[in-house]
Amino acid sequence: MRNLPLVATIGSCLFALSAGAQNATVPFPATLDKELEARASKYTEVSMDKKMLTFAGKFLSKDEDDVEAKRIIEKLDGVYVREYDFDQPGQYTAADLERIRSQFKGSEWSPMVRERSKTGQGDTDIYMKIVDGKMQGMFVLDLESKELDMVYIAGALDPSELSKLDGNFGIPKGVAAHTAKDGGK
Amino acid sequence: MPGITGEFRQIVEAHQSRVYSIAYRVLGDRGTAEEVAQDVFLELYRAWDSIASDEHLVAWLRRVAVHRATDALRRRPRTLHGAARFEDWMSESPREEESLPLASEIERLLLALPTAQRVVVLLRYQEDLLPAEIAEMLQMPLATVKSHLQRALKLMRARAEDTLKEYTRHG
Amino acid sequence: MDEREDLEHLLRQGLRPRQSPAGFTARVMAHLPETSPVPSFQKKRTFWMPMTRWAMATVLLGIAGGTYWQHERNERIAGERARDQLILALRMSAATLNDVQHKLLKSTTGDSE
């Protein structure tokens, strides 16, 4: 069980056809983006709703990655990414994290992963949105001492498909193999 | 014509290490890297009269070497990609590689990166291009280049914590 | 920041260009075509007449279709930007998922020891 890649496990449990919501409400607290931006030494924010995904999809080429991307976005209603890098630890607070996590306390969201470190600065949360038994979204909050990353994907998504896009021959395979080699025997 | 050939030979001598290094570090495979590097120079020979200056020449070589190498990478069957193949090669590497342990370690880390990140790291740290120059060369948004660099350094740092400690200046 | 500088320093050192295999230049020269590259002034003379006609036709078509072309071009530029943003977003998402996977695998294998 411990050798099953996480994303494949989540994908196999939860992947389903989705009716797909046309409008994705982004579950980031409204002012938190700006507050984190102000504290970050570097940040990247990308927001693409259904309209933008459809428009961008028209310009995807026959290149391998683009073909893969086109297949993924067909089922999506939005992709929203926020990455913040800080000069020092402690630039985001427990209160900030609570504001983020409180967005997912409704009945539609189920916590799938809740990893906590002793200091609170290596935590990971993954939430899935399930409506009428169908997956309609995924939210990832990934923390390091000087970094805060959030990914929200609205729509039906197989996480294992998405993770392929991180490399055309698989950082995931390399990482999994590397980790298994070091810690699995 | 001997004049052109003689001048061309000098160009190959002057730039062979750059072109070969780009190809080798994208592909991780010595044999294919040499083929690609040769193709780059043959293409240069055909396009010779379109080269306007030394600066143009260097930019041209970089661009074509990157494109040819990434094309060659895409054409290869997936199972031959990546760290496994490179490490196979490393086990039979000639003696000169043993005198460059840092280079080999860095190349090993580089090869574990996704292609786009690897190319950006190469252009930044081998070719010493600025992110804006990389963006223009690869026809990529500057934000994407910076994101690739950031990700790549993070990945390399995580993988290299133990192995590169002996090379660092600070404990 | 020291860590980053260290890594960048190592990358610069480790990525100094390496020599190509022995005999590389000779092999390149051996593969050169027998005819020399044609100097550009000769190329222009050979292709001048048909090129002029093509150039004139293109200019006329360009004037006629100028507005439409501009609109298409603007749309294409916007579309390519959107495409780049999309790929960036998907790659960042994938990378975050993979980081999380790596972290969790690490902690799982750590816990089991």
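This text follows the structure it describes.
This is a predicted model, so every value here is computed, not measured.

A. Just the overall build of chain B, in detail. If you tally the helices and strands in chain B, you get 9 helices and 0 strands. Ordering the α and β elements of chain B from the N terminus gives α-α-α-α-α-α-α-α-α. Considering chain B as a whole, with its 171 residues, one finds that 56% of them fall into the buried category. Considering only residue pairs separated by 6 or more positions, chain B has 66% of its internal contacts joining residues 24 or more positions apart.

B. Quick peek at the packing of aromatic side chains. According to the stated counting rule, one finds 13 aromatic pairs over all chains in the structure shown. The interplanar angle of 55° and the centroid separation of 6.0 Å between the aromatic rings of A:W109 and A:Y152 together place this pair among those described as tilted. Residue A:W109 is found in strand β3 (residues 109-115), and its partner A:Y152 is found in strand β6 (residues 147-155); the two are separated by 43 residues along the sequence. Residue class for A:W109 comes out buried when judged on its relative accessible area of 11%. Each ring, one from B:F41 and one from C:F24, has its centre 6.0 Å from the other, and the planes form 65°; the classification is edge-to-face. A residue pair is termed interchain when its members come from two chains, as with B:F41 in helix α2 (residues 30-46) and C:F24 in helix α2 (residues 24-30). When sorted by exposure, B:F41 lands in the same class as C:F24, which is buried. Here the aromatic cluster, defined as three or more aromatic residues joined through ring pairs, consists of A:Y80, A:F104, A:W109, A:Y127, A:F139 and A:Y152.

C. Structural view of helix α7 (residues 115-125) of chain B. Counting buried positions along α7(B) yields 10 of 11 residues, so the element is predominantly enclosed. Along α7(B), the positions that sit buried rather than exposed are B:T115, B:Q117, B:R118, B:V119, B:V120, B:V121, B:L122, B:L123, B:R124 and B:Y125.

D. Examining the nonpolar core more closely. Core analysis: the biggest nonpolar cluster contains 60 residues, and B:F8, B:F41, B:L44, B:V121 and C:L11 have the highest contact counts within it. Two domains each put at least three residues into this core: domain 1 (1-79) and domain 2 (81-171) of chain B. The next biggest cluster of nonpolar side chains, apart from the first, holds 30 residues, and it includes A:I73, A:M135, C:L90 and C:L104.

E. Spotlight on the side chain of B:R151. By secondary structure assignment, the location of B:R151 is in helix α9 (residues 142-160). Residue class for B:R151 comes out buried when judged on its relative accessible area of 8%. Within the structure, B:R151 has its side chain in polar contact with the side chain of C:T96 (distance 3.5 Å). With residues near it in sequence (within four places) discarded, B:R151 still touches A:E83, A:D149, B:Q117, C:M92, C:A95, C:T96 and C:D99.

F. Structural context of the pattern of salt bridges. As enumerated under the stated definition, the model contains 26 salt bridges over all chains in all. With a shortest N-O distance of 2.8 Å, B:E107 and B:R25 are connected by a salt bridge. Of this pair, B:E107 sits in helix α6 (residues 101-111) while B:R25 sits in helix α1 (residues 2-27); the two residues are 82 residues apart in sequence, bridging distant segments of the chain. The partner of B:E107 in a salt bridge is C:R18, and the shortest N-O contact between them spans 2.7 Å. Of this pair, B:E107 sits in helix α6 while C:R18 sits in the loop between α1 (2-14) and α2, placing the two residues on different chains. Judged by relative accessible area, B:E107 falls into the buried class, the value being 3%. Salt bridges sharing partners connect three or more residues here, namely A:E83, A:E147, B:R151, B:K154 and C:D99.

Cut-offs applied
Residues numbered from 1 in each chain as written. Chains lettered and ligands numbered in written order. Predicted model: local features only at pLDDT ≥ 70, side-chain atom pairs only at ≥ 80, totals over all residues. Heavy atoms only, no water. Helix = DSSP H or I, 4+ residues; strand = E, 2+ residues; numbered from the N terminus. Buried < 20%, exposed > 50% of the residue type's maximum accessible area, 1.4 Å probe, protein only. Contact = heavy atoms within 4.5 Å. Phe/Tyr/Trp six-rings, centres within 6.5 Å; stacked < 30°, edge-to-face > 60°. Core = buried A, V, L, I, M, F, W, Y, C linked by side-chain atoms within 4.5 Å. Domains from an automatic or database assignment. Polar contact = N/O pair within 3.5 Å; in protein donor to acceptor, adjacent residues only side chain to side chain. Salt bridge = Lys/Arg side-chain N within 4 Å of Asp/Glu carboxyl O.

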